[in-house]
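Single-letter residue listing:
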Amino acid sequence: MRIVVCVKEVLDPDAVNNYAVAGRLEIGDDGKTLTQTAIPRLMNGFDEQAIEAALRLRDAGADFTLAVVSAGESPEKLLKHAAALGADEVVAIQVDPGSLDYHLVAALISAQIEASGGADVVLCGRQASDDDQGVVPALIAERLDMSLVTIAKAVELEGTTLRITRVTPDGDERVETACPAVVTITNELGDPRYPTAAAKVKARRVKPTTVTPDDLKLDADDLAPRVSVTRQFVPEVQGNCEMLQGDSPAALADALIEKLRADSII
Amino acid sequence: MSQNAVIVCTWGEDQDGLPVGAEEVLHIGRGLAADLGTDLAWLVLGALPSAAPETAGRYGVANLLQVEDAKLESPQPDALVAALAAVAGERSPRALLFHQTQASRAVAPRVAGRLGDAVVMNGVSADLSGECIVVTASAYGGDTRVVYEVSGRCPVIAFIANAVVPEPGDGAAVAAEALSVDLTGVEERVKIVEPARFEGPRLDDAEIIVSGGRGLGSSDNYKLIEQLAAALGGLPGASRPLVDDGWVDSSQQVGLTGRITRPNLYVAIGISGASQHMAGCSAAKTLVAINRDAEAAIFQYAKYGIVGDALELLPELIRAAGAR
Ligand SMILES: Cc1cc2nc3c(=O)[nH]c(=O)nc-3n(C[C@H](O)[C@H](O)[C@H](O)COP(=O)(O)OP(=O)(O)OC[C@H]3O[C@@H](n4cnc5c(N)ncnc54)[C@H](O)[C@@H]3O)c2cc1C
Ligand SMILES: Nc1ncnc2c1ncn2[C@@H]1O[C@H](COP(=O)(O)O)[C@@H](O)[C@H]1O
């Protein structure tokens, strides 16, 4: 059995948020990219959890080859982390991130999967914390004609059947599907593990297999961008909060409840 | 029906005889169709919501299309994707629009994949630039907006429509037109073994929500949030750290990766106001923030604010809310 986990490098969303909250998030002269060069780049959190989901399958006794693939400018750092965690193969698809549209990412990853022995399970994050799109896994499922299960918090494998717990607005749902399938992982899965120090040292020597779009022989239709970013901007927040005053918690509480009653909100 | 229509796609019926978000997306669709000089159509998959014909009239829908099939009785993804792709193949729409829900998040991008067309999620508005549809979408949990230019025949676009204020007009009701689609070959590949148990009212539909965050300090204090919510006649919610730490169930998480709410009143207590949380509550009509830190970002979104200690204020708020 072969499991492929797709990991994306993103700007640390907490750092981006801190800049935003401080009113210091800025877009560069190209009108598209954030100027903050101090923001660390790291593995999308949901993708770390997708690796964790694979490792838990292995802990539970499943026997498979684990491949971790990333398309981007220089995903080596992420891939070393994946290798230290126990990935058997790590693959970097080298592309200019500026030109990446979601169909192209999905086409590249799908072609790489097909060229390297296929996959019984493809694990992805529920969404990338930069674009929040959450479309690449569905596009991969369509290209590879696999079933799709989204927002999974627990994944079990029994033979070639996947038993999955999904988080839904109405509570948890248990589903089953036959491999091959694409499954997207959500944060409710729980904390991902850290590699051991020894594994990290060993992983330093790992060289990812590097492929280019040319190696993957995509056709013109696959390569044609369908979505392009023309602009990015920081939305304005209005900010006209009335700060309630009072000399005790009781007075403040009364002031608020009075306001809400006066406005007929409660 | 004319080809090239902008088609709003919905299924199910949840609120007042309509699917949640239908009016908002019809509102956006009407604007986009007018810009493109084309018709607006509404495609219903499965049972026709009781208010659909009337609502269609009020948003200038030229064609109300309905695909009825046993496989769409309680619509599952494979049947929905197949039906949508079939209708798109036959009618050559100019765009397919969806209200973004967890269900449409799993369907819309697959339709785009099957058609080979562009897809953009998290849309907040759609406009025209020359011949091209441009979609403004939320990114980084709401910290930024990205403007995407979408090319190709039939882009698939999903909107987070909770900030849209629909403006119905007064057109006459539109009769539904049955479409037949062959779904005989479609088998749901994912089987539901144990359905989600619907546990009481949902945050998505609540008029009043009181949410607690990490500022509560410990899980025991969350019961104060529940008490205040009850005293105000609302539901309790939470920020993500409380879910991650197991204080509350994930169905109570408000935000980008939790519930997207639009209550009349949202009270945020001990919540900093990270964009990913605000994505789930910034459409509240009135937002109240209670935070120890006067500089907390949450105050930027609030109508009323109190700087103070949540644990001192909560018992007093419960008292004041209860007193008449
Ligand atoms: C991809 C992604 C998706 C995410 N999705 C979500 C989501 O759906 N929902 C969500 O909520 N978060 C989400 N997050 C997390 C989000 O970025 C924040 O980390 C989170 O919302 C912070 O929660 P908080 O405000 O409770 O905690 P903190 O940020 O730690 O804030 C605690 C606040 O409490 C105040 N405080 C402390 N003590 C007291 C006291 N005694 N009295 C009053 N105030 C006090 C502090 O001043 C502070 O403002 C997501 C993050 C990522 C990266
Ligand atoms: N460039 C990429 N390389 C590898 N995996 C990716 C890439 N982009 C997206 N993915 C996968 O698809 C998921 C959803 O991404 P997105 O559709 O961009 O929100 C991510 O969590 C990853 O698992």
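Residues numbered from 1 in each chain as written. Chains lettered and ligands numbered in written order. Predicted model: local features only at pLDDT ≥ 70, side-chain atom pairs only at ≥ 80, totals over all residues. Heavy atoms only, no water.

A.B. asks: Teacher, can you tell me more about the overall build of chain B here?
C.D. replies: The secondary structure content of chain B amounts to nine helices and 15 strands. Along the first, second and third principal axes, the C-alpha atoms of chain B reach 65 × 45 × 35 Å. Across the 324 residues that make up chain B, the buried fraction comes to 58%. In chain B, the share of contacts with a sequence separation of at least 24, taken over all contacts with a separation of at least 6, comes to 63%. Of note, chain B has its 24 positive side-chain charges centred 3 Å away from the centre of its 39 negative side-chain charges. (Helix = DSSP H or I, 4+ residues; strand = E, 2+ residues; numbered from the N terminus. Buried < 20%, exposed > 50% of the residue type's maximum accessible area, 1.4 Å probe, protein only. Contact = heavy atoms within 4.5 Å. Lys, Arg positive; Asp, Glu negative; His and termini not counted. Charge placed at Lys NZ, Arg CZ, Asp CG, Glu CD.)

A.B. asks: For this particular structure, what's the right way to read helix H3 (residues 76–85) of chain A?
C.D. replies: Within an α-helix, residues lying three or four positions from one another point in the same direction, as the helix has 3.6 residues per turn. Residues and elements named next belong to chain A. Buried within H3 are the following residues: Leu78, Leu79, Ala82, Ala83, Ala84 and Leu85. Those residues of H3 hidden inside the fold are in contact with strand E2 (9–11), strand E3 (41–43), helix H2 (45–59), strand E4 (65–72), strand E5 (89–94) and helix H6 (197–203). Looking one or two residues beyond H3, the residue adopting positive phi is Gly86, at roughly 125°.

A.B. asks: Before we go on, may I ask you to explain the interface of chain A and chain B in this structure?
C.D. replies: In many reports, interface size means the accessible area that the parts give up when they come together. Contacts between the two partners involve 77 residues from chain A, matched on the other side by 79 residues from chain B. Together chain A and chain B conceal approximately 6700 Å² of surface at their shared face, both sides included; 55% is due to carbon and sulfur atoms. Contact with chain B buries surface across chain A, with A:Glu142, A:Pro169 and A:Asp170 losing the most and accounting together for 9% of the total. Between chain A and chain B we count six salt bridges in total. Notably, a salt bridge pairs A:Glu142 with B:Arg110, separated by 2.9 Å at the nearest N-O pair. At the boundary of chain A and chain B, one finds 39 residue pairs in polar contact (both at pLDDT 80 or more). Ranked by the residues each element gives to the side of chain A that touches chain B, the list is headed by helix H8 (residues 249–262) of chain A, at 10 residues. (Buried area = accessible area lost by both parts, 1.4 Å probe. Salt bridge = Lys/Arg side-chain N within 4 Å of Asp/Glu carboxyl O. Polar contact = N/O pair within 3.5 Å; in protein donor to acceptor, adjacent residues only side chain to side chain.)

A.B. asks: Quick question: what am I supposed to make of the pattern of salt bridges here?
C.D. replies: If charged atoms from side chains of opposite charge come close, those side chains can pair. Residue and element names in this part refer to chain A. A complete count under the given rule lists 32 salt bridges over all chains for this structure. Among the ionic pairs, Asp131 bridges to Lys8, the shortest N-O distance being 2.7 Å. Residue Asp131 is located in the loop between strand E6 (121–125) and helix H5 (136–143), and its partner Lys8 is located in the loop between strand E1 (2–6) and E2; the two are separated by 123 residues in the primary sequence. The partly exposed category is assigned to Lys8, whose relative accessible area is 29%. Of the charged contacts, one joins Asp222 and Arg143 as a salt bridge, the two residues approaching to 3.0 Å between their closest N and O atoms. Separated by 79 residues along the polypeptide, Asp222 in helix H7 (residues 220–223) and Arg143 in helix H5 bring together distant segments of the chain.

A.B. asks: Could you clarify how one ought to interpret the sheet that holds strand E7 (residues 147–158) of chain A in this entry?
C.D. replies: Hydrogen bonding along the main chain pairs the strands of a sheet, whether they run parallel or antiparallel. Reading across the sheet, the 10 strands line up as E11(A)-E5(A)-E4(A)-E1(A)-E6(A)-E10(A)-E7(A)-E8(A)-E9(A)-E10(B) and stay open at both edges, with mixed pairing between neighbours. In this open sheet, the two strands that pair with only one neighbour each are strand E11 (209–211) of chain A together with strand E10 (190–194) of chain B. Direction aside, the axes of adjacent strands within the sheet are offset by 35° on average. Where strand E9 (residues 171–178) of chain A lies against E10(B), four bridges are found, and the strand directions are antiparallel. Paired with A:Thr177 across the bridge in E10(B) is B:Val190. Together, E1, E4, E6, E7 and strand E10 (181–185) of chain A form the strand contacts of H2(A), whose direction differs from that of E6(A) by roughly 145°. Lying on the sheet, helix H4 (residues 102–115) of chain A is in contact with E1, E4, E5, E6 and E11 of chain A; it crosses E5(A) at an angle near 140°. (Pairing = 2+ DSSP bridges. Axes fitted to C-alpha atoms, helices over the stretch in contact; angles between N-to-C directions.)

A.B. asks: Just to check I follow, could you spell out the site of ligand 1 for this structure?
C.D. replies: Surveying the vicinity of ligand 1 reveals 28 residues, the closest of which are B:Ser239, B:Val254, B:Ser272, B:Gln276 and B:Asn291. B:Ser272 places a side-chain nitrogen or oxygen 2.7 Å from an oxygen atom of ligand 1. In this structure, an oxygen atom belonging to ligand 1 sits 2.7 Å away from a side-chain N or O atom of B:Asn291. Compared with its free state, where it exposes 990 Å², ligand 1 has 86% of that area covered by protein. Among the secondary structure elements, those contributing two or more residues to the shell around ligand 1 are helix H1 (13–21) of chain A together with helix H6 (240–244) and helix H7 (275–278) of chain B. (Near = heavy atom within 4 Å. Areas by Shrake-Rupley, 256 points an atom, 1.4 Å probe, with all protein chains shown as cover.)

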